[in-house]
Amino acid sequence: MRSISLSQAVNEAIAEEMRRDESVFLIGEDVAEAGTPFKVTSGLVEEFGTDRVIDTPIAEPGFVGIAVGAAMTGTRPIVDIMFGDFLFLVMDQLCNQAAKTHYMSGGKLKVPLVLRTNLGATRRAGAQHSQSLHALVAHIPGLKVALPSSAYEAKGLLKSAIRDDNPVVIFEDKLMYQDKAPVPEDEYLIPFGRSEVLREGSDVTLVGTSSMRQVCEKAADLLAGGGIDAEVIDPRTIAPLDEDTILRSVRKTSRAIVVDEGHRNYGVTAEIASRIGEKAFYHLDAPVIRLGAMDVPVPFSPALEDLTVPTPEGVAECARRIVSGEHVHAP
Amino acid sequence: MPATGKINTESYMRMYRQMVRIREFEDTANQLYLSARMPGITHMYSGQEAVAVGICEALRVTDRITSTHRGHGHCIAKGGEFKAMFCELLGKEEGYCRGKGGSMHIADQLNGNLGANAIVGGSTGIATGSALSARMLGTDDITVCFFGDGATAQGIWYEVMNMAALWKLPVIYACENNGYSEYTRTDEIASGSIGARAEAFGIESHQVDGQDVLAVNDLAARLVERARKGEGPFFVELMTYRFHGHHVGDINRDYYRAKSEETAWMEQRDPILNFGNWLSEQGIASAEELESVNAEVRADAEAAVEYAFSARFPDASEVGKHVYVEAS
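Everything quoted here is computed from the prediction, not taken from an experiment. (Residues numbered from 1 in each chain as written. Chains lettered and ligands numbered in written order. Predicted model: local features only at pLDDT ≥ 70, side-chain atom pairs only at ≥ 80, totals over all residues.)

A.B. asks: Please clarify how the overall build of chain A should be interpreted in this entry.
C.D. replies: Of the regular secondary structure elements, chain A holds 11 helices and 14 strands. Since a compact globule built from 331 residues should have a radius of gyration of about 20 Å, the 20 Å found for chain A is in line with a globular shape. Counting only C-alpha atoms and orienting by the principal axes, one finds that chain A spans roughly 60 × 40 × 40 Å. The buried share among the 331 residues of chain A stands at 57%. For chain A, long-range pairs separated by at least 24 residues make up 79% of all intrachain contacts whose partners lie at least 6 apart in sequence. (Helix = DSSP H or I, 4+ residues; strand = E, 2+ residues; numbered from the N terminus. Rg over C-alpha atoms; globule rule 2.2 N^0.38 Å. Buried ≥ 20, exposed ≤ 12 C-beta atoms within 10 Å, placed from the backbone. Contact = placed C-beta atoms within 7 Å.)

And the structure:
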């Protein structure tokens, strides 16, 4: 199978869906000729024209509001939010308007909107271009949230998002845009709400979202060298969350570490860990460990920034300790 | 007011009736609140009827509007029915939104009403997007964005006006300046000229007497036709007045608005009384004919309220429905 980058996978997903459905369009800052700073949308304006690949002023609340209105009235916008950090600018339009319109109208109106953005630190981009804010929107009923962890997931999840009649926020890991992975030439979709078991194991379950999937896979490799058999699960979407696959795994392994690049406090790791605690408590042999971004603004200095994000070594160390029966307190 | 011809009798009488329907709806809703028979609070449109009616009478069913927290008038003017509206206000299953929206979220998509909005300025983006999609889908439907003077302080309005002007979208921004931003005089929250805000984006800007339904309708009809031809966007400031407080519970309001001012507007600038008098002077409708319209509307409202009280509340199973669109 051919391998393409995550950036190319996203580009293909958008192009295929725009060819399939004329009501799909792309809107955001520098999405046309510039192709975004990450060059994810390069070439689309040449094929689809400026009526369907729309460059906007730097006005996130305004163009998200416009996309919400366009979605309510017969089109399917894909909105590009250049950095996940800019979500704070669009919270009213996303959370008060898009998320609630279907419910508030008693099911009469719908908002088939896709908001593409990104997450991920260690790019030396400072505190306002490095956050992983997916937990924030996953908190809001009415929004769906997808976290692709490779080029394959990015394409399949985005195509599903575009066809979904609900507002979907999809976070791509900005450090992964150039990472290549096998992606079929033939069309495929990845359904929401289904976790993927990436590696089966019997000693400990590692749940890793988005950027943390690779961290967990590497940790599993490290653990295998020491005779510990880790199972790795990628939830793929956190709203909806496929908790059944996670619970089934934890009931088997009796131990779990949840790893996500959002802040630890009140985040995705807290949600998943508490569900494990509520629904698999009697199967557990150790406390559920949560590893996430440190609860600090992302620092600029490389010497500091790298400390804020979970590493394969850190995950593996936690796993060794809980498997050996040590009392572990989360960092 | 412009000279009349009998040819317009039907539309004049329709405008009169629509304004009376709004006033009657609001008076009824106010009584429901004051007698503690309605849950929550609501915001009265009384006094501003000529704005919603003058504009919506220039629209087709497929043209769209976005509305505000003070939205009953827009809903009625765009074709809304009393029964579904009172049911919504009372949280009943047969309400426009199955009781899940309430007064501040009434939407009536079949008549092109994309919904009231409880965030001040919150629907300016939605209206602009509705205009964008109409053009993308190749229709000549236009969108009217109703909002108040208070919303002119919100940043998103400037952002979307900029894009509407850049992209020449078929949208009309209708600013109902009723003189008060909630409990504060507009001149305390808006510096300079409101119309000049739109002009700064190169948007043709108008100001009209919002108490004169014919003046509003005449201007709206011209702008709507031009917007259909791609000459938009447009901005209109409609000078009007809120007869009640910010909401039904805002009763003791001497601290921000003098009783004498309210009385003057109600006695001299009531859009329904003035239009009724004009219809009589012009020999279009006698006082008796107008009174019979009023009586019919009153009976409709009474019947609708009675219906709404006896209607069912949504089943408990409804609480979890419509969070997401079910996959088809």
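Let us keep going from here.
A.B. asks: So what exactly am I meant to see when it comes to the overall build of chain B here?
C.D. replies: Across its full length, chain B carries 12 helices and seven strands. Relative to its length of 328 residues, chain B is compact, with a C-alpha radius of gyration of 19 Å against a globular reference of 20 Å. Expressed along its principal axes, the backbone C-alpha trace of chain B runs to roughly 60 × 50 × 45 Å. Here chain B holds 328 residues, and the buried ones make up 52% of them. Counting contacts in chain B only where the partners sit at least 6 residues apart, residues at least 24 apart contribute 77% of the total.

A.B. asks: Sorry, what's going on with the interface of chain B and chain A here?
C.D. replies: Many structure descriptions define interface size as the accessible area lost when the parts assemble. Across the boundary between the two partners, chain B contributes 35 residues, which contact 36 residues of chain A. Going through the elements one at a time, α5 (124-136) and α6 (155-166) of chain B are the ones with two or more residues in the side of chain B that touches chain A. It is α5 of chain B that contributes the most residues to the side of chain B that touches chain A, 11 residues altogether. Grouping the constituent residues of the side of chain B that touches chain A by class yields 16 nonpolar, 14 polar and five charged. (Nonpolar A, V, L, I, M, F, W, Y, C, P; charged D, E, K, R; others polar.)

A.B. asks: Can you walk me through the packing of helix α8 (residues 243-253) of chain A against helix α9 (residues 268-279) of chain A in this structure?
C.D. replies: To characterise two packed helices, one gives the angle between the axes of the helices and the distance between these axes. Residues and elements named next belong to chain A. Contact pair α8 / α9: the axes reach a minimum separation of 10 Å and the direction vectors enclose 60 degrees. Judged by the angle between their axes, α8 and α9 are oblique. Considering only the axes of α8 and α9, their crossing is right-handed. Facing α8, whose interface residues are Glu243, Ile246, Leu247 and Val250, α9 presents Ile272, Arg275, Ile276 and Lys279. For the contact of α8 with α9, a count of residues per class yields five nonpolar, no polar and three charged. (Axes fitted to C-alpha atoms, helices over the stretch in contact; angles between N-to-C directions. Parallel < 35°, antiparallel > 145°, perpendicular 65-115°, else oblique. Left-handed = near helix turned anticlockwise from the far one by under 90°.)

A.B. asks: Hey, could you run me through the pairing of strand β3 (residues 171-177) of chain B in this one?
C.D. replies: The side chains of a regular strand alternate between both faces of the sheet. Residues and elements named next belong to chain B. Counting buried residues in β3 gives seven out of seven residues, a clear majority hidden from the surface. As paired strands, strand β2 (residues 143-148) and β3 are joined by six bridges and run parallel to one another. The residue bridging Val144 from the neighbouring strand is Ile172, located in β3. Since β2 and β3 lie parallel, the crossover through α6 that links them has a hand, and here it is right-handed. Examined bridge by bridge, β3 and strand β7 (residues 234-239) share six bridges and lie parallel to one another. Following the sheet pairing, Asn177 is matched in β7 by Met239. (Pairing = 2+ DSSP bridges. Right-handed = clockwise from strand over helix to strand, strands pointing away.)

A.B. asks: So what exactly am I meant to see when it comes to the sheet that holds strand β9 (residues 196-199) of chain A here?
C.D. replies: Hydrogen bonds along the backbone pair up the strands of a sheet, which may run parallel or antiparallel. Residue and element names in this part refer to chain A. Reading across from one edge, β9-β11-β10-β13-β14 is the order of the five strands in this open sheet, with mixed pairing throughout. Edge strands, defined here as strands with exactly one partner in the open sheet, are β9 and β14 (289-293). Taking each pair of neighbouring strands and ignoring which way they run, the sheet shows an average axis angle of 25 degrees. Here β9 pairs with strand β11 (residues 230-234) via three bridges, running antiparallel. Paired with Glu196 across the bridge in β11 is Asp234. Strands β10 (204-208), β11, β13 (256-263) and β14 of the sheet are contacted by helix α11 (residues 312-323), whose axis makes an angle of about 170 degrees with β14.

A.B. asks: Please explain the nonpolar core as it appears in this structure.
C.D. replies: In a soluble, globular protein the nonpolar side chains are often hidden away together inside. Ranked by internal contacts, the top residues of the largest apolar core, which has 191 residues, are Leu206, Ile257, Val315 and Ala319 of chain A together with Ile172 of chain B. Take this core: its biggest share by element is 10 residues, from helix α1 (residues 9-34) of chain B. Discounting chain neighbours no more than four positions away, the residues touching Ile172 of chain B are Ile142, Val144, Cys145, Leu223, Ala227, Gly232, Pro233, Phe234 and Val236 of chain B. (Core = buried A, V, L, I, M, F, W, Y, C linked by C-beta atoms within 7 Å.)

A.B. asks: Would you mind going over helix α2 (residues 49-56) of chain B with me for this structure?
C.D. replies: Residues spaced three or four apart along an α-helix face the same direction, because each turn holds 3.6 residues. Among the eight residues in α2 of chain B, eight count as buried, and that is most of the element. Those residues of α2 of chain B lying buried are Glu49, Ala50, Val51, Ala52, Val53, Gly54, Ile55 and Cys56 of chain B.

A.B. asks: Teacher, can you tell me more about the sheet that holds β2 of chain B here?
C.D. replies: Residue and element names in this part refer to chain B. The five strands are arranged β1-β2-β3-β7-β6 in an open sheet whose pairing can be described as parallel. Of all strands in the sheet, those bounded by a partner on one side alone are β1 (64-66) and β6 (204-209). Across the sheet, the mean angle separating the axes of adjacent strands is 20 degrees when strand polarity is ignored. Where β6 and β7 come together, six bridges link them in parallel fashion. By the bridge assignment for β7, Val208 is matched with Leu238.

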